[in-house]
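Examining the three-dimensional arrangement
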Amino acid sequence: MSLSNARKLQIALRLNWICYVGLMLLFAAWNLVLPGGSIKWWLLQTVPLLLVLPGLLKGHYRSYLWLCFILLLYITASIVDVMMPGRGWQHGVLLVLSLTLFFSAMMTSRWQRMQ
């Protein structure tokens, strides 16, 4: 039994928002709460994600495509950091959230165009 495209889209949209908010909370905790963080790094990490937020709120499929391009930077940086010894747990969480958001945003864009 396969799910309909509308149901798949609904699940993917929910997963997108969970991961998007999770990334924002991770960056806030990492840079504003935990020692060693800074406002400059927080802005550098969050502004690219905020650029696509208006399109995401309107549900434009191209915004999800742009989000995928932006997430490639986060994925690349987090893979490098995860492989380095002595790094904290934040890099692993960043990798999981970024990869999950990448795949769900990619599929959301595809399923939106199919409707």
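Our structure is the block above this text.
What follows concerns empty space enclosed by the protein. This model, assessed by the stated rule, comprises one cavity of 30 Å³ or more. The volume enclosed by the largest cavity comes to roughly 40 Å³. What lines the largest cavity is simply Asn 16, Trp 17, Tyr 20, Leu 56, Tyr 64, Leu 67 and Leu 101. Looking at the lining of the largest cavity, the elements with two or more residues in it are helix H1 (5–33) and helix H4 (61–83). Top contributing element to the lining of the largest cavity by residue count: H1, with three residues. In the lining of the largest cavity, the residues fall into six nonpolar, one polar and no charged.

Before going further, it helps to spend a moment on the environment of Gly 86. One can find Gly 86 in the loop between H4 and helix H5 (89–114). Exposure remark for Gly 86: the relative accessible area of 82% places this residue in the exposed category. Along the sequence, Gly 86 and Gln 115 sit 29 residues apart, while their C-alpha atoms lie 47 Å from each other.

A word on the layout of surface pockets. If you add up the space inside the largest pocket, you get close to 430 Å³. The wall of the largest pocket is formed by 20 residues, among which Trp 30, Trp 41, Gln 45, Asp 81 and Leu 94 lie closest to the centre. Counting residues per element, the lining of the largest pocket draws most heavily on H4, which supplies five residues.

What follows concerns the nonpolar core. Counting 23 residues, the largest nonpolar core has Leu 23, Leu 49, Leu 67 and Leu 71 as its most contacted members. Contributions of two or more residues to this core are made by H1, H4 and H5. Residues contacting Leu 71, with those up to four places away along its chain left out, are Leu 23, Leu 49, Ser 98, Leu 101 and Phe 102.

Attention now goes to the pattern of salt bridges. Think of it this way: side chains of opposite charge can pair up when their charged atoms draw near. This structure, assessed with the given rule, holds one salt bridge. Of the charged contacts, one joins Asp 81 and Arg 87 as a salt bridge, the two residues approaching to 3.7 Å between their closest N and O atoms. Overall, Asp 81 belongs to the buried group, its relative accessible area being 18%. Assessed through its relative accessible area of 42%, Arg 87 is described here as partly exposed.

Another aspect to go through is the environment of Leu 3. Locating Leu 3 in the fold gives a position in the segment before H1. The exposure class of Leu 3 is partly exposed, given its relative accessible area of 47%. For Leu 3, the contacting residues outside a window of four places in its chain are Lys 8 and Ile 11.

This brings us to the packing of H1 against H5. With their axes 8 Å apart at the nearest point, H1 and H5 run at an angle of 150 degrees to one another. Regarding the angle of H1 to H5, the classification is roughly antiparallel. Considering the relative orientation of H1 and H5, their crossing is left-handed. Considered class by class, the residues forming the contact of H1 with H5 number 18 nonpolar, 10 polar and one charged.

Criteria and cut-off values
- Residues numbered from 1 in each chain as written.
- Predicted model: local features only at pLDDT ≥ 70, side-chain atom pairs only at ≥ 80, totals over all residues.
- Heavy atoms only, no water.
- 1 Å grid on protein atoms, 1.4 Å probe; cavity = no way out; pocket = protein on both sides within 12 Å on 5 of 7 lines; lining within 4 Å.
- Points joined across faces, edges and corners; volume = space filled by probe spheres on them.
- Helix = DSSP H or I, 4+ residues; strand = E, 2+ residues; numbered from the N terminus.
- Nonpolar A, V, L, I, M, F, W, Y, C, P; charged D, E, K, R; others polar.
- Buried < 20%, exposed > 50% of the residue type's maximum accessible area, 1.4 Å probe, protein only.
- Core = buried A, V, L, I, M, F, W, Y, C linked by side-chain atoms within 4.5 Å.
- Contact = heavy atoms within 4.5 Å.
- Salt bridge = Lys/Arg side-chain N within 4 Å of Asp/Glu carboxyl O.
- Axes fitted to C-alpha atoms, helices over the stretch in contact; angles between N-to-C directions.
- Parallel < 35°, antiparallel > 145°, perpendicular 65-115°, else oblique.
- Left-handed = near helix turned anticlockwise from the far one by under 90°.

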